[in-house]
2 protein chains.
Amino acid sequence: MGKVRNILFIMADQLRVDYLSCYGHPHLETPNLDRLAGRGVRFDRAYVQAPVCGPSRMSFYTGRTAFSHGATWNFVPLPVGELTLGDYLRPHGMRTALVGKSHMMPDLAGMERVGLSPDGEPGLIISECGFEPYERDDGEHPHPKADPDLPYNRYLRAQGYEGPNPWNDYANSGEGPDGALREGWYMQNAPLAARVAEEHSETAYMTDRALQFLEEQGDAPWCLHLSYIKPHWPYIAPAPYHAMYGHNQILAAVRETRERDDPHPVYGAIMNHNASREFSREEVRAAVIPAYMGLIRQIDDHLGRVFRYLEETGRMDDTMIVFTSDHGDYLGDHWLGEKEFFHEQAVRIPLIVYDPDAAADATRGTADEGFIEAIDLVPTFLEARGIEIPTHIIEGRSALWRLRGGKGEVPDHAYSELDYAFYKARVELGVDPHEARLFMLRTDDWKYVHALGFEPLLFDLRNDPDEFVDLGRDPGYAGFREELHRALFERIGRRKNRTGITTERVQQRTDGAHRHGTLIGYW
Amino acid sequence: MGKVRNILFIMADQLRVDYLSCYGHPHLETPNLDRLAGRGVRFDRAYVQAPVCGPSRMSFYTGRTAFSHGATWNFVPLPVGELTLGDYLRPHGMRTALVGKSHMMPDLAGMERVGLSPDGEPGLIISECGFEPYERDDGEHPHPKADPDLPYNRYLRAQGYEGPNPWNDYANSGEGPDGALREGWYMQNAPLAARVAEEHSETAYMTDRALQFLEEQGDAPWCLHLSYIKPHWPYIAPAPYHAMYGHNQILAAVRETRERDDPHPVYGAIMNHNASREFSREEVRAAVIPAYMGLIRQIDDHLGRVFRYLEETGRMDDTMIVFTSDHGDYLGDHWLGEKEFFHEQAVRIPLIVYDPDAAADATRGTADEGFIEAIDLVPTFLEARGIEIPTHIIEGRSALWRLRGGKGEVPDHAYSELDYAFYKARVELGVDPHEARLFMLRTDDWKYVHALGFEPLLFDLRNDPDEFVDLGRDPGYAGFREELHRALFERIGRRKNRTGITTERVQQRTDGAHRHGTLIGYW
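Residues numbered from 1 in each chain as written. Chains lettered and ligands numbered in written order. Predicted model: local features only at pLDDT ≥ 70, side-chain atom pairs only at ≥ 80, totals over all residues. Heavy atoms only, no water.

Undergrad: How should I be thinking about the overall build of chain A in this particular structure?
TA: When you go through chain A residue by residue, the secondary structure sums to 18 helices and 14 strands. Against the 2.2 N^0.38 benchmark of 24 Å for 523 residues, chain A shows a C-alpha radius of gyration of 23 Å, consistent with a compact globule. Across its three principal axes, chain A shows a C-alpha extent of roughly 95 × 60 × 50 Å. A fraction of 72% describes how many contacts in chain A between residues 6 or more apart in sequence connect residues 24 or more apart. Accessible surface, chain A: about 17400 Å² in total, of which carbon and sulfur atoms supply 49%. Treating the 56 positive side-chain charges of chain A as one cloud and the 81 negative ones as another, the clouds have centres 3 Å apart. (Helix = DSSP H or I, 4+ residues; strand = E, 2+ residues; numbered from the N terminus. Rg over C-alpha atoms; globule rule 2.2 N^0.38 Å. Contact = heavy atoms within 4.5 Å. Areas by Shrake-Rupley, 256 points an atom, 1.4 Å probe, with all protein chains shown as cover. Lys, Arg positive; Asp, Glu negative; His and termini not counted. Charge placed at Lys NZ, Arg CZ, Asp CG, Glu CD.)

Structure follows, in structure tokens:
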């Protein structure tokens, strides 16, 4: 075992925390991740900064909450001035690359203003949010806008899958009994096998590319973000994973009829979204969830290849490995589909951290039940590599001491937020696009969600762990709401918005009145 | 009278609202500003976004609150991605220039990262916060770091004032009876005449430069930010202004002994600042305030030159004129010196807006008693010029309808905030540099100041208009505090942090699920 030299930062997309065997799934087995958890720490209260891909990922990559970095929803550009993990690691000689999805949207207007091209230097890295795009693929390539030159499409064609968009027509479609193409976009097709050999599927290909990167990198230090597109929709798995699980092996829907009675207006409007309505039907759950499980099992199997490679090359001794997800998936719980609200199914994530350092031996195989947030990863990586943490920019806190049995203060809450400006729900509710905002604070006992312009939501997690009873308008809970509202304000009031000056310089300048002979208020 | 073609945006530095005759000063006469008010609208409840130069100005220039633009205190860089008034006007053919102070600190690290030099194109304009620096001079040039090539110093030398730093030794120093140099940095020297002929003083010189700009510009459209350094310290005026007012013509100190009994911790610590202790002495007030008044009167006289020039050239018919200040000056009120807290003396400012458009005839000479904030100027300018307001970035609201007798919603509060990380008070209180934050909400009846980590301050303005009694810890006012705290949260929660996508695009994308064939949650 040795010091952390490399970082393997693995992310699955839309993977719910309870769909891994090490987090308690009774039927789905994920032996390779279980083994990783056995050698590292399994965080049982890990939360995303926003329960939707784009902003959640930008928080993972910047160490800043969504309304601090500004890319508050999918396809909202990350402002050109935001610094990322790659910006911090690269100057220390670590090649920092991406294989898979980042969901980064470049700030083209901001780049143009400062004269940067997204193809040039440093424009390319900035427009890829700090990652060298070794293999950038966000895994969403429907017909009309498909990039004909997408590397995975080129790869598929080389394997004999012809057409303008084999990503869609093979890797993410099945076949009906009549041989007709049945797109994975339609959930009724989820039980079909994808029209691609397993070894040519997205998960297999991305793993191949990651192994190529590791091979290429040899002994030189690296940070690889291996970011799987699955089990995110289109929900369709290649054989044999498509048929590995039955509808009797899925978790029962967590929902009660009373949740639909007079729900909070925002929750109610999201219940009306198409995905929510469909996932509220058992037929849909029974079709989709087994495919979802197969896709997860497939990722686990391919991670076995990666972990074996690390073992064989000695990299297990000097590589920190993180496995996590960008958010969960309601899968019909609480009468919702997709993510983008604040029940545990959406906002809580799996997080396993393996630290090769001998100092971490004492925590191997343990579970950490303290709160941890997505933004805590960047500072953890920096500290593990001995790089100073820019505390004037990064809002997260290093959790390295929790891996190494050190002393520190475990946070008393987790924070998350959501910009729902882009939802039909926002339009239905008549909310201004700049005021469609939800802010969540989750403590040991409570979950409080402040909705701008509305009453809040409140769940008593001790007595109602499944979050069925919203106490946000119950007069008996006004005192608790006020207390949580204050705690939420204190958290939001501490955003790191003053990024232009280091903490050290602030401290040096604190008694700056005598600077350069300037005398303020002297007689 | 005609349409708004040009904008003259005049700012005095540290000018208290009640030290102008049109705002009620009984002895100080400012006839030119009074005349401007007679032809425009005098706003009686205008507030700065932060009661300190740097962040207040960056809010005036960006239309965004201090913790949104990020330059939260003096010398904190404005992030390279922030857009300013000049960025908005220049593409519409308006030369946008600065004469005087901006207090801009360029984001050199951010510029370096994107490969921009502060001398190049567009680096120069970005590092001058969007202004062409026709004459940039922040008016703070003590010895050791004085720029030997400062244009005003070169000018003074050409007039015969020799030495390495005539700004300091002549324009901002006096002479003792023994002929010895007495620096204006020491307030005991405030009653002396500056060692410079009035026509060579800073205010005269900046006015000359402004007139040169206007002359040079001729008929081509422009926006000029004429930003006087005075009456900001060093408090010292050239003859005859140094002796124009007597200590019996100053306003009585607004303070009561009870304010010192058990004050709010942050207020108490600021009372201990050197400037506060000195200004709490009547001797200091009697020496400084007459000089302060002379400096204001001098500005008014020179503005008379500018307004005459505009009349003579016909520019009064197509130029919108704004006169304001970046914050007030305690001058010993509430046992404080300087600014940087939230009593009316610091946070309220004069604001006079003259609109040449005939549509504004009905409001000429009126007072507007509704709230208005510094960030409302940029959108007012844009609307006056027919330029679309980027509502996804700018937090202020155009007040043009208030000038033109239109219909709209007058805000029910004013908001301001302060980062006191750089104060001795912060160190004394043991507050983390990222948590030294105050947030103010001022409504018709109340002023509420939330201090992170402390109890709030609360003033009942109806019964205690002078803000002597802090009700922040009075149990009888808990309900009001909660209500104001909620209103403050609603304001802060609406910051425009999602600047990368226009409001229009958000609206277009609201039902974006079918975009490019992507089908989310379809059966």
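So, next bit.
Undergrad: Which parts of the structure should I look at to understand the interface of chain B and chain A?
TA: Buried accessible area, meaning the area lost when the parts come together, often serves as the stated size of an interface. Facing 84 residues of chain B, the contacting portion of chain A comprises 84 residues. Contact with chain A buries surface across chain B, with R113(B), R498(B) and W523(B) losing the most and accounting together for 13% of the total. Summed over the shared surface of chain B and chain A, the number is six salt bridges. We note a salt bridge from E435(A) to R494(B), for which the minimum N-O separation is 3.1 Å. Applying the counting rule to chain B against chain A returns 42 residue pairs in polar contact (both at pLDDT 80 or more). Residue assignment for the side of chain B that touches chain A shows that the elements contributing at least two residues are α11 (274–279), α12 (282–312), α16 (424–429), β12 (437–442), β13 (446–451), α17 (478–492) and α18 (503–509) of chain B. (Buried area = accessible area lost by both parts, 1.4 Å probe. Salt bridge = Lys/Arg side-chain N within 4 Å of Asp/Glu carboxyl O. Polar contact = N/O pair within 3.5 Å; in protein donor to acceptor, adjacent residues only side chain to side chain.)

Undergrad: Honestly, the layout of surface pockets in this entry has me stumped. Any pointers?
TA: It is the rolling of a water-molecule-sized probe over the atoms that shows where space remains empty. By volume, the second largest pocket amounts to about 1100 Å³. In terms of lining residues, the second largest pocket is bounded by 35 residues, among which E435(A), E395(B), R397(B), R491(B) and R494(B) are the most central. Listing elements by their share of the lining of the second largest pocket, those giving two or more residues are α15 (400–403) and α17 of chain B. Broken down by element, the lining of the second largest pocket gets its largest block of residues, four residues, from α17(B). The residue makeup of the lining of the second largest pocket, split by class, is 12 nonpolar, nine polar and 14 charged. (1 Å grid on protein atoms, 1.4 Å probe; cavity = no way out; pocket = protein on both sides within 12 Å on 5 of 7 lines; lining within 4 Å. Points joined across faces, edges and corners; volume = space filled by probe spheres on them. Nonpolar A, V, L, I, M, F, W, Y, C, P; charged D, E, K, R; others polar.)

Undergrad: Explain the pairing of β13(B) to me, please; I cannot follow it from the model alone.
TA: The side chains of a regular strand alternate between the sheet's two faces. Residue and element names in this part refer to chain B. Burial runs high along β13: six of the six residues are buried. Here β13 shows a buried face lined by W446, Y448 and H450 and a second buried face lined by K447, V449 and A451. As paired elements, β12 and β13 share five bridges and run antiparallel to each other. Bridging from a neighbouring strand, L438 pairs with A451 of β13. (Buried < 20%, exposed > 50% of the residue type's maximum accessible area, 1.4 Å probe, protein only. Pairing = 2+ DSSP bridges.)

Undergrad: Teacher, can you tell me more about the relation of the copies chain B and chain A here?
TA: Each of the two copies of the chain can be brought onto the other by a rotation about an axis and a shift along it. If you rotate chain B by 180° and push it 0.0 Å along the axis, it lands on chain A with an RMSD of 0.0 Å. Both copies of the chain, as the preceding transformation shows, are related through a two-fold rotation axis. The position closest to the rotation axis in chain B is occupied by the C-alpha of G81(B), lying 3.1 Å away. Taken as a fraction of all interface residues of chain B, those also at the interface in chain A reach 100%, which identifies the copy contact as same-surface. (Least-squares fit on C-alpha atoms with pLDDT ≥ 70 in both.)

Undergrad: Before we go on, may I ask you to explain the sheet that holds strand β14 (residues 457–460) of chain A in this structure?
TA: Backbone hydrogen bonds are what pair the strands of a sheet, in a parallel or an antiparallel way. All names here are of chain A. Reading across from one edge, β11-β12-β13-β14 is the order of the four strands in this open sheet, with antiparallel pairing throughout. Both edges of this open sheet fall to β11 (414–419) and β14, since each of them pairs with a single strand only. Here the strands of the sheet are splayed against their neighbours by 10° on average, with no regard to which way each runs. Contacting β11, β12 (437–442), β13 (446–451) and β14, helix α17 (residues 478–492) crosses the sheet at an angle of about 70° to β13. (Axes fitted to C-alpha atoms, helices over the stretch in contact; angles between N-to-C directions.)

Undergrad: What am I meant to see in helix α2 (residues 53–62) of chain A here?
TA: An α-helical turn contains 3.6 residues, so a residue and the one three or four places further along point in the same direction. Residues and elements named next belong to chain A. Counted residue by residue, α2 has 10 buried out of 10 residues, so it is predominantly covered. Buried residues of α2: C53, G54, P55, S56, R57, M58, S59, F60, Y61 and T62, and no others. Taken from the residues just after α2, G63 is the one with a positive phi, measuring 75°.

Undergrad: Would you mind showing me how to read α17(B) here?
TA: Its 15 residues place the ends of α17(B) 21 Å apart at the C-alpha level, agreeing with the 21 Å of an ideal helix rising 1.5 Å per residue. When α17(B) is considered as a whole, its buried residues turn out to be R481(B), L484(B), H485(B), L488(B), F489(B), E490(B), R491(B) and I492(B). (Expected span 1.5 Å × (residues − 1).)

Undergrad: What exactly am I supposed to notice about the environment of G93(A) here?
TA: Within the secondary structure, G93(A) is located in the loop between α4 (85–89) and β3 (95–100). By relative accessible area, G93(A) is classed as partly exposed at 48%.

Undergrad: Could you clarify how one ought to interpret unusual backbone geometry in this entry?
TA: Trans peptide bonds make up most of the peptide bonds, and negative phi angles are found at most residues other than glycine. Omega for the peptide link from A239(A) to P240(A) comes to 5°, which places this bond in the cis form. Looking at where P240(A) falls in the secondary structure, it is placed in the loop between β7 (222–227) and α10 (265–271). In this structure, the amide linkage connecting K230(B) to the following residue, P231(B), adopts the cis form with an omega of 5°. One non-glycine residue, E340(B), lies in the positive phi region at around 65°. For E340(B), the location among the structural elements is in the loop between β8 (319–325) and α13 (344–347).

Keep in mind these numbers describe shape, not what the thing actually does.
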